[in-house]
Amino acid sequence: MKIKTITCHNVYNYGASLQAYALQSYLQSLGHDVEIIDFQPYFHQNRYNLFYISENSKFYSVCKKNPLLAFLYNLMKNYSMLRTWGRKKQFDNFTAKYLKLTPQKYETSRQLQDDPPIADIYIAGSDQIWNTNSSNGKEPAYYLDFGNHIVRKYSYAASFAISSINNKLKDFVKSEVSKLDKISVREKTGVDILKEMKIESTQVLDPVFLLSKSDWEKLILNSKINNLPDKYILVYDFLNDEQIKETVLYLKKEYNIPIVSINDFNTLPYADININDAGPLEFLSLIYHSSIIVSSSFHATAFSVIFRKNFYVYPLKGKDNSSRMTDFLYDLNLIERYKSEHISLDNINYCAVDKLLDKEINSSKLFIEQILS
């Protein structure tokens, strides 16, 4: 069958790229012709755009008339972006080599509605495509609001990422989701949100769990990370969170091993090694070869579990999207690794975790089998 998926595939975020690859790869392994719809709305095109000025900026009107001023303004404001510019090339290479995109690029829902890609099935998911606290959740395209009635429409592991939806947006979400033939979401809170709307859904795992540990290990062979210590603490912290810093420094004291930071924006002053140019493959490799991971990232946590690593995780500072993390950890009896005041130095019992995880993986694959039958 011809399957088209839609997700946040090109936003220079490690988890977003890898989950897009995972769903595509798993569906291809089942013998289907799969493409990711190259949907790039305006709010996903500004990560490395030195000429972009937010409409909320007080300099917007001036810079809009003078692109050179916009460029100079961004040079001053976004020095940290330039510092990590090398990661852009790694992401672009990953997208070109590993993601099979539709030949046509779409920038608006209207373009998709006017000229939808040909397919037997559309699948929306995964990641935070239905997060109504961001632009994603207000975008009709992420609810598959395009194509004719002949094409079957499903969601796989779509995430609201939040525990409740603003009342002003509930009617919109309900109207859009109700049009799908079958719905699966990534978190229990997502099931609860839809249940409140009297919409049935199934909870499934993030697509990264559809691939095996050995599948990911094969991909790591193509990464370009070299000259790392034999043992290290990996920290992945978007916003230089003080709680994360305290935990990392405590672990360094206990284990006497260096700190390696993988950076999206700013470098971490307390890290022994700062890596500013890692792409998705390097992200995988850094987790795989680390001794301990401390992060505020769902997918850093997911891959820590896949690679059977000891980890500690914290909510993203200032963001209301921790339900995706807590739901996942509760399901695997790992909630003590979340934002704990007492840092346990015990190794995680992965024999027990694997039993729970295998059950969820089988259930998730069964959902896919059902929608493709």
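Read on for a plain summary of the structure. These numbers come from a predicted model, not from an experiment.

## Focus: the sheet that holds strand β1 (residues 2-6)
And step 1. Read from one edge of the open sheet, five strands run β3-β2-β1-β4-β5, paired in parallel fashion. Looking at strand neighbours, the two that pair on one side only are β3 (101-106) and β5 (152-155), the edges of this open sheet. Geometrically, the sheet is characterised by an average inter-axis angle of 25° between neighbouring strands, direction not taken into account.
And step 2. Here β1 runs beside strand β4 (residues 121-124); their pairing, made up of four bridges, is parallel. Each residue of the ladder has a partner; that of K4, found in β4, is Y122.

## Regarding the packing of aromatic side chains
Ring pairs (aromatic) are described by centroid distance and by the angle formed between their planes.
And step 1. Applying the stated rule across the entire model yields 23 aromatic pairs.
And step 2. With a centroid separation of 6.1 Å and an interplanar angle of 65°, the aromatic rings of Y21 and F94 are classed as edge-to-face. Taken as a pair, Y21 in helix α1 (residues 14-29) and F94 in helix α5 (residues 86-98) lie far apart in primary sequence, 73 residues in all.
And step 3. With a relative accessible area of 13%, Y21 lands in the buried category.
And step 4. When its relative accessible area of 2% is taken as the criterion, F94 is described as buried.

## Notes on unusual backbone geometry
And step 1. Omega for the bond connecting G125 with S126 falls within 30 degrees of zero, at 10°, which places this linkage in the cis form.
And step 2. Position of S126 among the secondary structure elements: in the loop between β4 and β5.
And step 3. Backbone geometry at N240 places phi at a positive 55°, although glycine is not the residue there.
And step 4. One can find N240 in the loop between β8 (233-236) and α10 (242-255).
And step 5. Judged by relative accessible area, which is 33%, N240 ranks as partly exposed.

## What about the sheet that holds strand β11 (residues 292-295)?
And step 1. Here five strands make up an open sheet; going across it, the order is β10-β9-β8-β11-β12 and the pairing parallel. A single partner strand is all that each edge strand has here, and the edge strands are β10 (273-275) and β12 (310-313). Averaged over neighbouring strand pairs, the angle between their axes works out to 20° when direction is ignored.
And step 2. Relative to strand β9 (residues 259-262), β8 is paired through three bridges, and the arrangement is parallel. Looking at β9, one finds that L234 is bridged to V260.

## Regarding empty space enclosed by the protein
And step 1. This structure, assessed with the given rule, holds three cavities of 30 Å³ or more.
And step 2. Lining of the largest cavity is provided by 13 residues; of these, R186, Q203, L205, F328 and D331 occupy positions nearest its centre.
And step 3. If you tally residues by element for the lining of the largest cavity, the top one is helix α13 (residues 323-331), at four residues.
And step 4. Residues belonging to the lining of the largest cavity are distributed by class as follows: five nonpolar, one polar and seven charged.

## Focus: the packing of helix α12 (residues 298-306) against α13
And step 1. For the pair α12 and α13, the least separation of the axes is 10 Å and the interaxial angle reads 20°. Classified by the interaxial angle, the pair formed by α12 and α13 is roughly parallel. In terms of crossing hand, the pair formed by α12 and α13 is left-handed. Along its contact with α12, which presents F298, T301, A302 and V305, the element α13 presents R324, M325, F328 and L329.

Thresholds applied
Residues numbered from 1 in each chain as written. Predicted model: local features only at pLDDT ≥ 70, side-chain atom pairs only at ≥ 80, totals over all residues. Heavy atoms only, no water. Pairing = 2+ DSSP bridges. Helix = DSSP H or I, 4+ residues; strand = E, 2+ residues; numbered from the N terminus. Axes fitted to C-alpha atoms, helices over the stretch in contact; angles between N-to-C directions. Phe/Tyr/Trp six-rings, centres within 6.5 Å; stacked < 30°, edge-to-face > 60°. Buried < 20%, exposed > 50% of the residue type's maximum accessible area, 1.4 Å probe, protein only. 1 Å grid on protein atoms, 1.4 Å probe; cavity = no way out; pocket = protein on both sides within 12 Å on 5 of 7 lines; lining within 4 Å. Points joined across faces, edges and corners; volume = space filled by probe spheres on them. Nonpolar A, V, L, I, M, F, W, Y, C, P; charged D, E, K, R; others polar. Parallel < 35°, antiparallel > 145°, perpendicular 65-115°, else oblique. Left-handed = near helix turned anticlockwise from the far one by under 90°. Contact = heavy atoms within 4.5 Å.

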